[in-house]
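Residue strings, one per chain:
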Amino acid sequence: MRIGVKILGHKTPQRYAVRRAVLAAQTALSQEFPDLLVEIAEVRECSEIEKITPVVIYPSLVVNDRLVCVGRFPKKDEILIWFQQALQEEA
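Residues numbered from 1 in each chain as written. Predicted model: local features only at pLDDT ≥ 70, side-chain atom pairs only at ≥ 80, totals over all residues. Heavy atoms only, no water.

Peer 1: Help me understand the pairing of strand E2 (residues 37-43), please; the structure alone is not making it clear to me.
Peer 2: When a strand is regular, its side chains alternate between the sheet's two faces. As defined by bridge partners, strand E1 (residues 2-8) adjoins E2 across seven bridges and the pair is classed as parallel. By the bridge assignment for E2, Ile 3 is matched with Val 38. Crossover E1 to E2 through helix H1 (residues 12-30) is right-handed. (Pairing = 2+ DSSP bridges. Helix = DSSP H or I, 4+ residues; strand = E, 2+ residues; numbered from the N terminus. Right-handed = clockwise from strand over helix to strand, strands pointing away.)

Shown next as structure tokens:
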């Protein structure tokens, strides 16, 4: 099982905060799915971010090529729901 995650953010502290929430969600889900692999990529360049969303000042999150969160810091519980949806779509 694999989930691809892109953290969109121009500033490092924003990406770091979102990454921590993603990793916390991965840890919580790994008890149920021990073979789960979450691949995290950080998109830093404004031109690349703008290909996905016009919001570049605040962080956004993409899960399996689907934009799930725009312009805010997602909570771990929200990310868990998005991961579970991605796993259901994969099955």
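Peer 1: Could you clarify how one ought to interpret the nonpolar core in this entry?
Peer 2: Proteins that are soluble and globular tend to have nonpolar side chains buried together. Formed by 21 residues in total, the largest nonpolar core has its most connected members in Ile 3, Val 5, Val 22, Leu 61, Val 63, Ile 79 and Phe 83. Listing elements by their share of this core, those giving two or more residues are E1, H1, strand E3 (60-63), strand E4 (66-69) and helix H3 (76-90). When residues of this core are assigned to their parent elements, the largest contribution, six residues, is made by H3. Excluding its chain neighbours within four sequence positions, the residues that come into contact with Ile 3 are Leu 36, Leu 37, Val 38, Glu 39, Val 63, Asn 64, Phe 83 and Leu 87. If you look at the next biggest cluster of nonpolar residues, it comprises five residues, including Leu 8, Ile 49, Val 56 and Val 62. (Core = buried A, V, L, I, M, F, W, Y, C linked by side-chain atoms within 4.5 Å. Buried < 20%, exposed > 50% of the residue type's maximum accessible area, 1.4 Å probe, protein only. Contact = heavy atoms within 4.5 Å.)

Peer 1: Explain the sheet that holds E2 here, please?
Peer 2: The pairing of strands in a sheet comes from backbone hydrogen bonds and takes either a parallel or an antiparallel form. The strand order across the open sheet formed by four strands is E2-E1-E3-E4, and the pairing between neighbours is mixed. The sheet is open, and its two edges are formed by E2 and E4, each paired on a single side. The mean inter-strand angle of the sheet, taken between neighbouring strand axes irrespective of direction, is 25°. Strands in contact with H1 are E1, E2 and E3; relative to E2, the strand with the most contacts, it is inclined by about 175°. (Axes fitted to C-alpha atoms, helices over the stretch in contact; angles between N-to-C directions.)

Peer 1: What should I look at first to understand the pattern of salt bridges in this one?
Peer 2: It is possible for side chains of opposite charge to pair when their charged atoms get near one another. Per the counting criterion, the structure on display carries seven salt bridges. Note that Arg 2 and Glu 39 form a salt bridge whose closest N and O atoms lie 3.2 Å from each other. On the criterion of sequence distance, the pair formed by Arg 2 in strand E1 and Glu 39 in strand E2 is long-range, its members being 37 residues apart. Owing to a relative accessible area of 38%, Glu 39 belongs among the partly exposed residues under this scheme. (Salt bridge = Lys/Arg side-chain N within 4 Å of Asp/Glu carboxyl O.)

Peer 1: Looking at this structure, how should I read the side chain of Arg 15?
Peer 2: Among the structural elements, Arg 15 can be located in helix H1. The exposure class of Arg 15 is buried, given its relative accessible area of 5%. In this structure, Arg 15 is in contact with Ile 7, Gly 9, His 10, Glu 42, Val 43 and Arg 44, ignoring residues within four places of it in sequence.

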